[in-house]
Amino acid sequence: MLLIQPIHHPSATQHHVELFVLRLDLIHPLVSGNKWFKLKYNLQTAISQNCPQNSSINLDLNHPQTCPHFRGKILTFGGAYSNHIYATAAAGKLFHLPTIGIIRGEEHLPLNPTLDFAQSQGMQLVYVSREIYKQKHTPAFHQELTAKFGDIFIIPEGGCNLDGIRGCTEILAKIKTETTEQFDIICLACGTATTLVGITLSTVKNQQVMGFPVLKGGEYLKSAINDLLHQYLASNLPVPGDKSLNWQLVCDYHFGGYGKINQELLHFQKEFAQTQGITLDYIYTAKMFYGVIDLIQQGFFRHCRLLLIHTGGIQGNQGIAYM
Ligand SMILES: Cc1ncc(COP(=O)(O)O)c(C=O)c1O
């Protein structure tokens, strides 16, 4: 069962807003947050393609069974501080699946804490130039990677595919249904928006999903979200919600762009940890929580119940300290 915790904040009380946080950051010490939900079905698909005798495997983080006949490698992409690389490496070790991380940019030694950890989990790190990295979605590059590394199963950057979405449709279902339906608005940070799409597909009764892109100019995500929703609905994969698909983006809380932070955000993150006892990461969740509190103070929300999803990413704070 996932943990939901109330947040007591004076601005929320003043505007009659009830705030709750869904602690996905607590699901596992290494494969935490939304990362596991995006990885689960990707890894299951890899196993069922590689070892048909294990096609009905149901991977469980807390009871990690292994697949001794798996002969391939899980290959994925990410930046040098990527939460997805970190989680894929850890999940690979946990389930005994060999992993390769294609890392954007040059190698810098000593390795930063994220890559050092990934390597310690057995992930093979392969650095490619930013130019080559841009080809990460192309079939030609995938063929090149297959020629080089043999039997690989490719998971796109950030776990952004139908299997990634499918896992995220299960996030709200893991909370007891009656509880989930009590929330009017569900807020989360967006990178690729895979998680937002999964959450949107699982909402009911006019629940609203609000995504806070952490990249500058996040409006561009709108068409990507529509495409992902369309592709998912056209597939035969399960849709637990009522397909009302109420979502919107709030694009004003990127703090200058991906990985950019300022004193105000640093102060907010510190104060939030002190007053609420919850550590937020600077890249994703601190920006979203800051945005929600700011909108409450502006009177944007009134008389409603909000669920804020803590999507993890705490490992990235070490990277900020390292930089
Ligand atoms: C901590 C954290 N929160 C939010 C996100 C955004 O998730 P998505 O790419 O599915 O929008 C990510 C990226 O995976 C992340 O690492």
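Every chain begins its residue count from 1, and numbering advances along the sequence as written. With pLDDT at 70 or above as the cut-off, local features in this predicted model cover only qualifying residues; side-chain atom pairs require 80 or more to be listed or tallied, and sums for whole chains, interfaces and linings still use all residues. Note that the side-chain values use all heavy atoms of the structure and ignore hydrogens as well as water.

### A look at the state of the cysteines
Two cysteines form a disulfide when their sulfur atoms are joined by a covalent bond.
Then step 1. Two cysteine sulfur atoms form a disulfide, by the criterion used here, when they sit within 2.5 Å. Counted according to the given criterion, the structure contains zero disulfides.
Then step 2. Cys67 takes part in no disulfide bond, and the closest cysteine sulfur to it belongs to Cys51, at a distance of 3.4 Å.
Then step 3. Partly exposed describes any residue whose relative accessible area lies between the buried limit of under 20% and the exposed limit of over 50%, with all areas from a 1.4 Å probe on protein chains only and scaled to the type maximum. With relative accessibility at 3%, the residue Cys67 sits in the buried group.
Then step 4. Note on Cys251: no disulfide assigned, nearest cysteine sulfur contributed by Cys190 at a separation of 8.6 Å.
Then step 5. Residue Cys251 is classed as buried on the basis of its relative accessible area of 10%.

### A few points about the side chain of Lys38
Then step 1. Secondary structure counts use DSSP, requiring at least four H or I residues in a row for a helix and at least two E residues in a row for a strand, with both numbered from the N terminus. With respect to the secondary-structure elements, Lys38 resides in helix α2 (residues 34-50).
Then step 2. When charges are tallied, Lys and Arg are placed among the positive residues and Asp and Glu among the negative ones, while His and the ends of the chain are skipped. One speaks of a salt bridge when a side-chain nitrogen belonging to Lys or Arg is within 4 Å of a carboxyl oxygen belonging to Asp or Glu. There is no salt bridge for the buried Lys38, and the closest opposite charge comes from Glu157, which lies 9.5 Å off by N-O distance.
Then step 3. Those residues within four positions of Lys38 in sequence are excluded, and the remaining contacts are Gly158, Gly159, Asp163, Gly164, Cys168, Thr192, Thr194 and Thr195. Pairs of residues are marked as contacts when any of their non-hydrogen atoms sit within 4.5 Å.

### Here's the deal with the domain arrangement of the chain
Then step 1. Its domain assignment divides the chain into domain 1 (4-30 + 163-322) and domain 2 (34-161).
Then step 2. Placing the centre of domain 1 and that of domain 2 at their C-alpha centroids yields a distance of 25 Å.
Then step 3. Taken together, the contact between domain 1 and domain 2 spans 25 residues of the former and 30 residues of the latter.
Then step 4. A quick way to say it: buried area is the sum, across both parts, of accessible area lost when two parts are put together, with a 1.4 Å probe. When the two sides are added together, the surface that domain 1 and domain 2 hide from each other amounts to roughly 2,400 Å², 59% of it contributed by carbon and sulfur.
Then step 5. Three residues stand out in domain 1 for area buried against domain 2, namely Leu30, Asp163 and Gln315, and they jointly supply 29% of the buried area on that side.
Then step 6. Along the contact surface separating domain 1 from domain 2 lie one salt bridge.
Then step 7. Residue Glu170 pairs with Lys40 through a salt bridge whose shortest N-O separation is 4.0 Å.
Then step 8. In the analysis that follows, any N or O atom pair within 3.5 Å is treated as a polar contact, provided that within protein one partner can donate a hydrogen and the other can accept it, and provided that, for residues neighboring in sequence, both atoms belong to side chains. Our count for the domain 1 to domain 2 interface comes out at eleven residue pairs in polar contact (both at pLDDT 80 or more).
Then step 9. Those elements that provide at least two residues to the side of domain 1 that touches domain 2 are α7 (162-168), α9 (194-200) and α13 (315-322).
Then step 10. Top contributing element to the side of domain 1 that touches domain 2 by residue count: α7, with six residues. Just so you know, the domain bounds were taken from an automatic or database domain assignment.

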